[in-house]
Amino acid sequence: MKKMNVGIIGCGNISSIYFENLKTFQAVHVSACADLDLDRAKAKAEQFGIAKGCTVAELLADPEIELVVNLTIPAAHARVCLDILEAGKHAYVEKPLAVTREEGRSILAKAKEKGLLIGSAPDTFLGGGIQTCIKLIEDGWIGTPVAATAFMMGRGHEHWHPDPEFYYAKGGGPMFDMGPYYLTALVAMLGPIKRVAGVAKISYPERTITSSKKFGQTIAVETPTHVAGVLDFHNGATGTMITSFDVFGGSRLPCIEIYGSQGTLSVPDPNTFGGPVLLKRHDSQDWKEIPLSHGYAANSRGIGVLDMVYALNGGRKNRASGDLGFHVLEAMHAFHDSSEQDRYYVMTSTCERPAPLQQNLPYGVMD
């Protein structure tokens, strides 16, 4: 396996787990990192033993770097991805793929024009928890999937995040922040989405920050903070989904459940990589916890990058693909559009359901 030189652009909150994991993968060599704040890039390079902390322009000009991981804020995802592709490098971007569908299409078009590969987070569906669920569905343990539910109910980020403003700007909100995890998991288990009906609202037009850095400052909310709706999948299953930053008292709803003709599957939190996976068959009174059939159960952010490296070396499609990322992006907008237009939104995109992983792969290896 050829080791690939990888660069990282964006050295903020989420970057540490990428640095930590990518350094453990034998097929990946993180050779540089960059940030608009050069001091921050240099600090991350020193912290994780990266050879070079530099400007974005310097990283993109490095001829040794073949793939760049884009960990910038969502509003910058498209611009930075296009710069990466224009520099002749493959791009893997944190979720969402872009803020608008037009931006997403431009990324896919530029990648096709340049003959380069796009990857998009989240890659949590490659973890042991959801891969186990995929195997159970494929092996017939719940029969034919009939319906699904997905719930992400929380109070928002202003009480803990040091810089929570972008979560309430356009391109933010619960659907664009957490929806990618849930929708990607659903597509990985059930396949692509056919149409969406949604309702979306801003419950509180202003938020007060209570995290220490900006305590007492207020945020004008520009995007819906409670989004609910239904999805029809091409395989015939129907999904019910709610994402909310407006639930302040907690919730006991499951993250995801899949209902089949022979049983029900309780899917673990799609923002994690592990379990528990619970199964209740039609002929049983009790839920049974199923041992994970696959690895990558710890926080393995970055395995989508690893899979992309294997795809490039092996001439196959990557699983956390740009097509999947765009399909999820369109579905998120579909909830908002359906609510505004008072009608079903019929999806214009589709994607292949990502190929399941082999079982029991050593950490840092992909099939």
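In the block above lies the structure referred to throughout.
Note that this is a predicted model, so its numbers are computed, not measured.

Visitor: Help me out: how do you make sense of the environment of L38 in this one?
Guide: Inspection of the secondary structure puts L38 in helix α2 (residues 38-48). We classify L38 as partly exposed; its relative accessible area is 31%. With 14 residues separating them along the chain, L38 and K52 place their C-alpha atoms 11 Å apart. If sequence neighbours within four positions are ignored, L38 has contacts with G53, C54 and T55.

Visitor: Got a minute to help me understand the sheet that holds strand β15 (residues 277-281) in this structure?
Guide: Remark on secondary structure: sheet strands pair via backbone hydrogen bonds, oriented parallel or antiparallel. The strand order across the open sheet built from 9 strands is β16-β15-β14-β13-β7-β12-β11-β8-β17, with neighbouring strands paired in mixed fashion. Looking at which strands have only one partner, the edges of the open sheet turn out to be β16 (288-290) and β17 (345-346). The sheet contact formed by strand β13 (residues 256-260) and strand β14 (residues 263-267) spans 4 bridges and is antiparallel. Across the sheet, the residue bridging to I258 is L265, located in β14.

Visitor: How should I be thinking about unusual backbone geometry in this particular structure?
Guide: Note on backbone geometry: most residues besides glycine have negative phi, and most peptide bonds are trans. Looking along the chain, the bond that leaves K95 and enters P96 is cis, with omega of -10°. Its location among the elements puts P96 in the loop between β5 (90-93) and α5 (101-114). Cis geometry is found at the peptide bond from G275 to P276, where omega equals 5°. Even without being a glycine, Y296 presents a positive backbone phi close to 60°. You can see Y296 is positioned in the loop between β16 and α9 (303-314). The exposure class assigned to Y296 is buried, which follows from its relative accessible area of 6%. Backbone geometry at N360 places phi at a positive 55°, although glycine is not the residue there. Inspection of the secondary structure assignment puts N360 in the segment after β17.

Visitor: What am I meant to see in the packing of α5 against helix α10 (residues 322-341) here?
Guide: Any two packed helices are characterised by the angle at which their axes cross and by the distance between the axes. Taken N-terminus to C-terminus, the directions of α5 and α10 make an angle of 170°; their axes are 10 Å apart at the nearest point. Classed by the angle they form, the pair α5 and α10 counts as roughly antiparallel. Of the residues in α10, those touching α5 at R101, G104, R105 and L108 are G322, D323, F326, L329, E330, H333 and D337. Of the residues contributing to the contact of α5 with α10, the split by class is 3 nonpolar, 3 polar and 5 charged.

Visitor: It is not clear to me how the nonpolar core should be interpreted in this structure. Could you clarify?
Guide: Burial of nonpolar side chains together is a common tendency in soluble globular proteins. In this structure, V69, L183, M189, I258 and L265 are the most contacted members of the largest nonpolar core, which totals 112 residues. The biggest single contributor to this core is helix α8 (residues 179-190), with 9 residues. If sequence neighbours within four positions are ignored, I258 has contacts with I137, I142, P145, A147, A148, L186, M189, L190, G263, T264, L265 and V267.

Visitor: Which parts of the structure should I look at to understand the packing of aromatic side chains?
Guide: The relation between two aromatic rings is expressed through the spacing of the ring centres and the mutual angle of the planes. One pass over the structure, following the stated rule, counts 6 aromatic pairs. With centroids separated by 4.3 Å and ring planes inclined at 25°, the aromatic side chains of F166 and Y167 adopt a geometry described as stacked. Given the relative accessible area of 31%, F166 is considered partly exposed. Centroid distance Y168 to F245: 5.8 Å. Interplanar angle 65°. Geometry classified as edge-to-face. A residue pair is termed long-range when its members are at least 10 positions apart, and Y168 in the loop between β7 (145-153) and α7 (173-177) and F245 in the loop between β12 (238-244) and β13 qualify at 77 residues. One exposure class covers both Y168 and F245, and it is buried. An aromatic cluster is defined as three or more aromatic residues linked by ring pairs; in this entry it consists of F25, Y296 and Y363.

Visitor: Whenever I open this one, the pairing of strand β4 (residues 67-70) confuses me. Can you help?
Guide: Working note: regular strand, side chains alternate between the two faces of the sheet. Of the two faces of β4, the one carrying L67 and V69 and the one carrying V68 and N70 are both buried. Pairing geometry for β4 and β5, over 4 bridges, is parallel. Bridging across to β5, V68 finds its partner in A91. For the crossover that starts at β4, traverses helix α4 (residues 74-86) and ends in the parallel β5, the hand is right-handed.

Definitions and cut-offs
Residues numbered from 1 in each chain as written. Predicted model: local features only at pLDDT ≥ 70, side-chain atom pairs only at ≥ 80, totals over all residues. Heavy atoms only, no water. Helix = DSSP H or I, 4+ residues; strand = E, 2+ residues; numbered from the N terminus. Buried < 20%, exposed > 50% of the residue type's maximum accessible area, 1.4 Å probe, protein only. Contact = heavy atoms within 4.5 Å. Pairing = 2+ DSSP bridges. Axes fitted to C-alpha atoms, helices over the stretch in contact; angles between N-to-C directions. Parallel < 35°, antiparallel > 145°, perpendicular 65-115°, else oblique. Nonpolar A, V, L, I, M, F, W, Y, C, P; charged D, E, K, R; others polar. Core = buried A, V, L, I, M, F, W, Y, C linked by side-chain atoms within 4.5 Å. Phe/Tyr/Trp six-rings, centres within 6.5 Å; stacked < 30°, edge-to-face > 60°. Right-handed = clockwise from strand over helix to strand, strands pointing away.

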